[in-house]
Structure formats: C-alpha cells, structure tokens
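Overview (structure and organization)
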Amino acid sequence: MWQRLGKFILKNRIALLSLLALLTAFMGYQASKVQLSYDFSRAIPVNNPKYREYQDFRKKFGEDGNLLVIGVQTDKLFEEKTFNAYAGLLRQLKKVRGVDDVIGVPVAVNLVKIPETEKLKADTIFADRILTKDEIDTAKARFLNLPFYEQLLYNPDTKAWLMGVRINKNLMASKERLGIVQHISEIADAFGKENKLEVYKSGLPHIRTELSLRITKEMRFFIIASLVLSALILLIFFRSLTAMWLSLGVVLIGVVWSFATIHLFGYKISVLNALIPPLIVVIGIPNCIYFLNKFHTAYGETGDKKKSLVMMVERMGVVTLFCNLAAAIGFAVFALTQSQILKEFGIVAGINIMLLFFISLVLIPAVLSFLPAPKSRHTKYLDSPAMNRWLDRLERWSLNHRKLIYGISIAIVAVSVIGIFRLKTLGYIVDDLPKQDKLYTDLRFFEKNFEGVMPLEILVDTRKKRGVVNLKTLEKIDSLSQYLNAIPDIARPLSITEGLKFAKQAFFEGNRQDYTMPSEFDLPALAQYLNNKGEGNNKNSFAKLVTTFMDSNRQVARISVSMADVGSNRLPRMLDSIQARVDQLFDKDKYTVQLTGTSVTFLEGNKYIINGLKDSILWAFVLIALCMLYLFKSARILICSLIPNIIPLLITAGLMGWLGIPLKPSTVLVFSVALGIAIDVTIRFLVNYKQELPHNNYDMKQTVIETIHSTGISIIFTSLVLIAGFIIFCFSGFDGTKALGWLTSLTLVTATLTNLVLLPAILITFVKMKK
C-alpha cells in the first residue's frame, strides 16, 4: 500500500503540489481573520450551575470584573500641588473613550440634610476645579470624617489611596479594550512621573489586557525562535540549505493551517491555543528528519533517487503516520474534557498534527523529486564516528548490563513514586507570573493595602418584592458583612446597609459615631432613600448608589466584596466558612443566597481544568495503547512499548513533588503532551525492529543491535529538535509556560534514554518472536 502511495505521489506531484498551494492560500486568508480571546471565564462548561449563576448575576447587576484600580502611596496627597494633579488625573480618565465612571477621593460625595425638608442631598466634597490649600484642608476634614470611604478609597494606616476606573462592559469583551486600558495606563504613568510617585495598577481589566498582550508577543517570539533553532539544527544535521528550507516550508504551512483552523472552528487565540503554532514547528521538524534520513539511507543503498523516494514513503509512511497519530492523541484527549478552553486546544492541536503528516507526506517527496540527488556531504552524518561511538556505548549497555539497567530503573521509579505522594494541587487567578513582575507586585500592593481586588459577589434573594426593605433582612445582611470584614484578605464589603449607615450619619448632623445600622425607629425616616428613583440626572445621587446594591423590585440584595488572590487551596475553605455563616443567618425557606463572581468561577474552572487534564492522561494511555496494539499485534510488544514511556512521566511527576512544583493547568498539561510525543521514539524503534527481524532470521539480539544503529541517529537528532523546541518555552514570562518547557524537555530527555537503553534490554530479555 505505502509503496503504491509513494509511486502515486511522484506520478501526480504537480497536481498535488498545486492543490497544496491552493489550500494553503485559502488557509492563509482564513488565518488572517483570527482574533484574540478576551473571555477568561471559559474554563467552566456553559451548563454548569456556577456558570449560570454568574451569568444571571451579570445580567442583573452588570459585569463584576470591569473595574481597573489605580493606587498611590503618599502622606502628601492633600498638599495643594499633589491634590490638584490627582484631581486632574481623575478628570483626564473620565474623558477616555470607553470609561463609564471614575471613583476616587476628588469626586467623593457627602450626604447633607436640608433643614427645611428634613431630606438628604448628595454634595461633592471637593469642588471640580483647581483648589487652594485652605479649600483642600476644609474639604479634607469633611472627607476624613466619613467612615464610608475608609478602606474603600484610602487606607488611613498606610496612606495608600485608590482610584477606580469602570470600563464599559461591552468594550471589555472586544479588542478595543487593549487601546482603552493602554491609554488609561499611559495617563496614570504620566501622573506618577510628573509627581514623582510610584503608580500601581491592577484589577481584572488591567490584568487580563496585559496578559493578552503578552500572549501575543510570546506567540510571535516562540514561532520565530522555534523556526530559527530548528533551522540551525537541520543545517548542522544535513549540511544542506535545501533540506533546511524544505523542512521549514513544511512547518510554516502547518503554522498557517493551525491559525486558519482556530478561525474556521469559530475559536479565538487564548493563553492555551497560542502555544499550538510553535508546537506545530517543534513536532513537524521530526517528521522531516525521519523522511529525509530514510531517503538518504535508501539512496546510499540504491543510488537511484526515484526508487529511494518510493522506499522513503514505503518505510517511513506508516511510522510517521502512527507517530503523528500518537502525538495527536496526546493533544486531542483534551477535547474529551468539559472545559471549553481545553476542548478548543485539544481539537485544534489534534487536527493540525494529523494535517502536518499529510503536508509532509505530499510536500517532501514531491519537492525532492525536482531537486538534484543528495551529495556525499549531505549524507555524511550517517557515518559520523562520534555518533557511532555513542551508539556503540548504548549497544554495550543494553546487551551486557541489563541487570544494572533494571536495578537503576527500579530505584529511580521508587524515589519518583515517593515524590508523587508529595504533589499538591494549587492555582491562582493571577497564576504563573514571576514574583518580581510589575503586574504581580502591583496586585500585592492592593492586597496589602486594600485586601485585594478579586471580585466576590453574594446575592440575597428574599423571594418577594420589597423583601430587601425589611429591617430583619437588612440586619442579616449587615451581620454577614461584618463577618466578611473580619476574615483576613477580604476587604470591607459594600452593600445596601453601608449606604444606610452613610445616610444615618448624615441625618444625625454628620456625627461620625452615628455611622451605624438604623434602628426600627430610624428606618422609616430613611425609607425614602431605598427607592430606586434617582434625583433627576444627578450622577452623584445617593439613590444611584442604593440601586447598585438592589434589583429594581428590591427583592434581591447584593453584597460586593474584593478579596486577595488566595489560591485554589485556601479559597474553598473561605467560601465554605462564608456559606456556613450564610446558613446560620438566612432561613432556606425564606431566602436564597448565592456566592458568585470571578473568584467563584475561577475556583470552579480550576477544578474542571485539573480534573480534565488528569482524565486526559488516562485517555491518552488507553488510546495510544490501542494504536500500539493495532500496529504490532502483540501484547508483549505493547507492554514493552509502554514501560519506557511510563518511567519518564513518573520521574517528572516525582521531581515535581520533591521540588514542590504544584499541579496546576500548565504543569498537568505536560504529561499527556509528553506521552504523545515521546511514544514517537518507541514507534520508530519498534517498527524498524519489526521490519529488520525477518532479515536477521529472527535473531533478536542481532536485530536490536542493527535497530540501535539504524534508528539511533535519527532518534537522537529528532529528540534534540523536540527538546530544544520545548526549551524555548523556558524563556516565557509566565512561570507555567516555563514549567511546561523544562518539564516536557526533561520528560523527553529521559524518554530518549529509556527508549535507547531500557527498551532494547527489555526486548532481548522478555520478547520471544519465532520465525
């Protein structure tokens, strides 16, 4: 079959190359339309209850993750020059397209009672103009007398000041967010530079936008770096510019097709599938090396170029097919998870790895048929004395030191298993950033001074209209708010009760001691402020503040909390503690209370990703084992093939345990990916072993020796390409991508050694094949 296919490709080479060119042109057009993803909540299935609750919250109260915060730390904020510059910063930010509102000290409002009507009105504390020192000092005294703003806009102990920029929720989900957030950052940085203040920026809009920009930059860098590195290795290996450019042509077409596939499936570039194009380069180059190596070997045997090309397809077609199939399975199993972002990654990667096989199968023999026959310098690597000496050493080890090999392997596995029991699962919303990164240090500034910026929302449904406007309900909400405020790493909650305390303080002549919950006697006088009717177009009206924390029917109340990024281990305990307090306060027959927001969806998404990745490893083993069983039709060969590939995974997992590297999406990803790629070496070795066995009268020992020498060079060089390709990821700005790089490289190094040392030893010891 494969021989006929080789002849067919050569006979129809012009038609096939033309078809490939047309398809690539079409794919290139589709690739030009691919877009970045700005949705970071796709780790959860859309039918998940937590996801539905979060979407219901967003429909009712709007986006919880559209507040960008800007912080400064100074004891000179109320000096004339500094304050006027700070107020000027706020005015500038308000003018930025896409900014809905800005909150901060300069626009803080105070509630003032009108003596004639006994009603409250909202007045700006600081006038909207350049202020004198006396005006600032007077307004400052009024501002600092309002407990409502304490720990929200400022920290009195650390002299840290916060400004919040609310970005339009529709623009937040579009590519325009990049320009908006960058413009805000430039204005804030200019203020800091002019006033010699360190400016801190955080909040989900800033974090997500910055991550999106870094993903784009890193994707370009990885593609270019992997191409350059692969080109150098190919040039050193084959000493031929033709072989180098042909191989690069294969992977470049694969990269274009991968971008096109993302668009054709209606997906966008995310933090995960941004890794696919460079992975295509890394995985595609071994295809080229296998084909070219077999072509050079066949040409050395026959001296006939056409016959050698047919032999190349005949001998390497099935090997490369199953190598790509195994690698594709290693990625495609992610499509079986319930996480949308993993499904997209698995589908796109799996499809494109298989497409890569067909691209190389058509392009390499067709193009080589037009080129001159290889010269002696192009095949000199086949007789490399240094490489042959290494292969001789591997041969001696496999033949003469099998017991030692088994002993070392068992000892390493035992140590690795102990390490595996030390593994822990841990993830953060802002994960994988180096601790010295500006994005990370700015987040820690807000966690230190304001207990964090990660949103947690609590919805209290009273199940009846005007149910919130009830003293008992309000007291329960306030009790829960006080409980939340006492939990470390949770900022002071905002709810309707904080607004009522603010109103009560104003009603009783602004006395700071009156910032308390209204009693049953106070509530009737304040009831008018629980109406959802605003005071005309007054954007500072207290009524508008009130409506933020109740729905239009006054049936559902909202408690809005900002918290630190405490990680996936501590967050569940905190949520369980809050839920326990909720159950104590709110009768389930009368109230429905939901915990939602970005913090909750992150935790749920993290569970889905981790569990999905663990399941994917099992599926990868099963599917790859079935492929190996089909290919070799032998249970013994199947066992022999899996042992050298399980051990590297155990070593990597054990090392992670010993080094304290936690299991998280980026590190769990290593195992099924590495298995799918590492098994290629096993397939390459065993197929060659199977092909050579009849030629050696089923002498297993002699066949193993010849297989080591005939496949060893290409295995070593393809492994070097793969290892070098993954090491590129170590230059990432994300710790998770770095871990993916070095952990996968480590797995591939150990897999190469186990396949060239342990696998031959196992074959000689355990496999008995008869003529």
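One can find the structure itself at the top, above this paragraph.
On a predicted model such as this, the values are computed, not experimentally measured, just so you know.

Thoughts on the environment of G284
Among the structural elements, G284 can be located in helix α10 (residues 276–302). Each C-alpha atom of the pair G284 and V251 lies 5.6 Å from the other, and the pair is 33 residues apart in sequence.

Focus on unusual backbone geometry
Of note in this structure, K159 is not a glycine but carries a positive phi near 55°. Structurally, K159 is set in the loop between β5 (154–155) and β6 (160–167). When its relative accessible area of 38% is taken as the criterion, K159 is described as partly exposed. With phi around 65°, R463 is a residue other than glycine that occupies positive phi space.

Here we look at the sheet that holds strand β9 (residues 556–563)
What the 3 strands build is an open sheet, ordered β9-β8-β10; its pairing is antiparallel. Unpaired on one side and paired on the other, β9 and β10 (592–596) mark the two borders of the sheet. On average, each strand axis in the sheet is inclined to that of its neighbour by 15°, with strand direction left out of account. Of the pairings in the sheet, the one linking strand β8 (residues 454–461) to β10 comprises 5 bridges and is antiparallel in character. Looking across to β10, one finds that V460 is bridged to V593.

With respect to empty space enclosed by the protein
One pass over the full model with this rule turns up 5 cavities of 30 Å³ or more. Within this model, the largest cavity holds a volume of roughly 90 Å³. Forming the walls of the largest cavity are I215, E218, M219, F222, V271, A274, L275, F734 and T737. Broken down by element, the residue count for the lining of the largest cavity peaks at 4 residues, all from helix α8 (residues 204–238). Residues that form the lining of the largest cavity fall into these classes: 7 nonpolar, 1 polar and 1 charged. What the second largest cavity holds in volume is close to 60 Å³. If you trace the second largest cavity, you find it lined by I283, P286, Y290, I677, D680, V681, T718, S719 and L722. Elements with a contribution of two residues or more to the lining of the second largest cavity: α10, α23 (665–692) and α24 (700–727). Counted by class, the lining of the second largest cavity contains 6 nonpolar, 2 polar and 1 charged residues.

A short note on the packing of aromatic side chains
Counted under the stated rule, the structure contains 26 aromatic pairs. Among the aromatic residues, those joined into a cluster by ring pairs are F78, F83, F126, F143, F148, Y149, Y154, W161 and F502. When the ring centre of F370 is taken as reference, the NZ or CZ atom of R13 above it lies at 4.1 Å. Sitting above the plane of the Y630 ring, K633 keeps its charged end 4.3 Å from the centroid.

As for helix α4 (residues 80–94)
Spanning 15 residues, α4 covers 21 Å between terminal C-alpha atoms, matching the ideal 21 Å at 1.5 Å per step. Here α4 has its buried residues at T82, F83, N84, A85, Y86, A87, G88, L89, L90 and L93. Buried residues in α4 make contact with β1 (67–73), β2 (99–103), α5 (133–144), β6 and α7 (176–195).

Side note on helix α17 (residues 496–507)
Compared with an ideal rise of 1.5 Å per residue, which puts 12 residues at 16 Å, α17 spans 16 Å between its outermost C-alpha atoms and is within 8% of the ideal. Burial runs high along α17: 12 of the 12 residues are buried. Within α17 the residues assigned to the buried category are I496, T497, E498, G499, L500, K501, F502, A503, K504, Q505, A506 and F507.

Things to note about the pattern of salt bridges
Applying the stated rule across the entire model yields 16 salt bridges. For D137, the salt bridge is made with K133, and the minimal N-O distance between the two is 3.0 Å. With D137 and K133 both in helix α5, this residue pair falls 4 residues apart, about one helical turn. For D137, a relative accessible area of 31% gives the class partly exposed.

Criteria and cut-off values
Residues numbered from 1 in each chain as written. Predicted model: local features only at pLDDT ≥ 70, side-chain atom pairs only at ≥ 80, totals over all residues. Heavy atoms only, no water. Helix = DSSP H or I, 4+ residues; strand = E, 2+ residues; numbered from the N terminus. Buried < 20%, exposed > 50% of the residue type's maximum accessible area, 1.4 Å probe, protein only. Pairing = 2+ DSSP bridges. Axes fitted to C-alpha atoms, helices over the stretch in contact; angles between N-to-C directions. 1 Å grid on protein atoms, 1.4 Å probe; cavity = no way out; pocket = protein on both sides within 12 Å on 5 of 7 lines; lining within 4 Å. Points joined across faces, edges and corners; volume = space filled by probe spheres on them. Nonpolar A, V, L, I, M, F, W, Y, C, P; charged D, E, K, R; others polar. Phe/Tyr/Trp six-rings, centres within 6.5 Å; stacked < 30°, edge-to-face > 60°. Lys NZ or Arg CZ within 6 Å of the ring centre and 35° of its normal. Expected span 1.5 Å × (residues − 1). Contact = heavy atoms within 4.5 Å. Salt bridge = Lys/Arg side-chain N within 4 Å of Asp/Glu carboxyl O.

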